[in-house]
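Here's the letter readout for the chains.
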2 protein chains.
Amino acid sequence: MDAIDLSLVDLLRGNARLSYAELARQVGLSAPAVHERVGKLESGGVIRAYRAEVEPETIGLGVTALIGIVEDSGADTDDVLEAFRAIPEIESCYFMAGVESFLLKARVGTIAELEQLIVRLNRTPGVNSTRTSIALSTKWENRPQAVAPPAA
Amino acid sequence: MDAIDLSLVDLLRGNARLSYAELARQVGLSAPAVHERVGKLESGGVIRAYRAEVEPETIGLGVTALIGIVEDSGADTDDVLEAFRAIPEIESCYFMAGVESFLLKARVGTIAELEQLIVRLNRTPGVNSTRTSIALSTKWENRPQAVAPPAA
DNA sequence: AGGCTGAGGTCGATGGCGTCCACGGACTGT
DNA sequence: ACAGTCCGTGGACGCCATCGACCTCAGCCT
């Protein structure tokens, strides 16, 4: 992980569909060299995936909620996690410090679906209680934070 | 937005670097047709961006925090928003229902940097108080939720 | 009914890109 | 000094992106 790798990561976080040729121009190497570096970043676990970022409303996922989960005393955290993993509406899952063991970000189409989701969560073995906050709007999300030095 | 568009969105949410030729094979159209459809999805605001998803620890952003913000009574929400937007560590910003007007997801390298961030937030005009929860680990994040019908 | 029009597709051509390979220079340890 | 390793370059070749021409079908106006 040198400065060039960091630049590549920044460039791809900004636009994952840049061609290797374009990346090469930006960092001042040849295309094959960039190809090899990016390949290593992928197989080395630095780059996990390339994803299109979609406006959720346009695909019928207009309701965003953040849900704190309090576990039962003596619950098996791994089991709870697996149960959460099986619920597609849960987009993100953080294991937290504090009374609430998990914080979930969920996306559904309607408030009625959110209600169903909350019921389902409360019924999940190991879950003691849930606390749901609704996001009225998403100002921005997953903004990539530049990490490379200014410029070679 | 027909079923093919939804499939394209799903495919690109799964892997943003798929070639048009490959997308075309998957949805059963020709490459130029797919090219045009994806172009329309982009310019129509459905696809906002393509981003590489990076393991944060590997680029020196090992600390994730979720921060609730209570505004001063009479604060100008837009001004507060602009102040937040200028802080690169804030990756996501949701405008919430409830006492806390905003929920922020921030990523920093160290606890010391988190402390500085919290101080900065508390000093921001219009911010009455902050409540920070630290994520001990991210189980998963931004998992794409399939939205297309099973398969043509 | 007939024909115009526009949307949205296919096909074919061409230039650029991805990707493989052979080669070369700098650093390192012996 | 020398050999090995790492990391890069340049060339070659086949696939892909992308443009233009054309086709087909649905809807609509006359």
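Attention in this report is confined to the structure presented alongside it. Just so it is clear, the model here is predicted, and its values are computed rather than measured.

Moving on, we come to the interface of chain A and chain B. On the chain B side, the residues contacting the 60 residues of chain A number 60 residues. Together chain A and chain B conceal approximately 6100 Å² of surface at their shared face, both sides included; 52% is due to carbon and sulfur atoms. Broken down residue by residue, the surface that chain A buries against chain B is led by Arg17, Arg51 and Trp140 of chain A, which jointly contribute 14%. Counting the contacts that link chain A with chain B gives six salt bridges.

With that settled, the discussion passes to helix α3 (residues 31-43) of chain B. Residue and element names in this part refer to chain B. Between its terminal C-alpha atoms α3 stretches 18 Å, which fits the 18 Å expected from 13 residues at 1.5 Å a residue. Among the residues of α3, Val34, Val38 and Leu41 are the ones counted as buried. For α3, the arc enclosing every buried residue in end-on projection is 55°, short of the 170-degree limit, so these residues lie on one face. Those residues of α3 that are exposed and angled more than 90 degrees off the buried face are Pro32, Lys40 and Ser43. Where α3 is buried, its residues touch α1 (3-14), α2 (20-27) and β1 (47-54). Trailing α3 by a residue or two, Gly45 shows a phi angle of about 80°, which is positive.

A few words on the sheet that holds strand β5 (residues 127-140) of chain B. Strand order in the closed barrel formed by eight strands is β2(A)-β4(A)-β3(A)-β5(B)-β2(B)-β4(B)-β3(B)-β5(A), and the pairing between neighbours is antiparallel. When the angles between neighbouring strand axes are averaged without regard to direction, this sheet yields 35°. Of the strand pairs in this sheet, strand β2 (residues 63-71) of chain B and β5 of chain B are connected by eight bridges, and their pairing is antiparallel. By the bridge assignment for β5 of chain B, Ala65 of chain B is matched with Ile134 of chain B. Relative to the sheet, helix α4 (residues 77-85) of chain A contacts β2 (63-71), β3 (90-96), β4 (102-108) and β5 (127-140) of chain A together with β5 of chain B, its axis offset from that of β4 of chain A by approximately 10°. Across the sheet, helix α5 (residues 111-123) of chain A touches β2, β3, β4 and β5 of chain A, and the angle it forms with β5 of chain A is around 150°.

All names here are of chain A. The N-to-C vectors of helix α2 (residues 20-27) and helix α3 (residues 31-43) enclose an angle of 100°; their axes lie 8 Å apart at closest approach. Considering their axes alone, α2 and α3 lie roughly perpendicular with respect to each other. In this structure, α2 uses Tyr20, Ala21, Leu23, Ala24 and Val27 to contact α3, whose residues at the interface are Ala31, Val34, His35 and Val38.

Thresholds applied
Residues numbered from 1 in each chain as written. Chains lettered and ligands numbered in written order. Predicted model: local features only at pLDDT ≥ 70, side-chain atom pairs only at ≥ 80, totals over all residues. Heavy atoms only, no water. Contact = heavy atoms within 4.5 Å. Buried area = accessible area lost by both parts, 1.4 Å probe. Salt bridge = Lys/Arg side-chain N within 4 Å of Asp/Glu carboxyl O. Helix = DSSP H or I, 4+ residues; strand = E, 2+ residues; numbered from the N terminus. Expected span 1.5 Å × (residues − 1). Buried < 20%, exposed > 50% of the residue type's maximum accessible area, 1.4 Å probe, protein only. Arc of directions from axis to C-beta. Pairing = 2+ DSSP bridges. Axes fitted to C-alpha atoms, helices over the stretch in contact; angles between N-to-C directions. Parallel < 35°, antiparallel > 145°, perpendicular 65-115°, else oblique.

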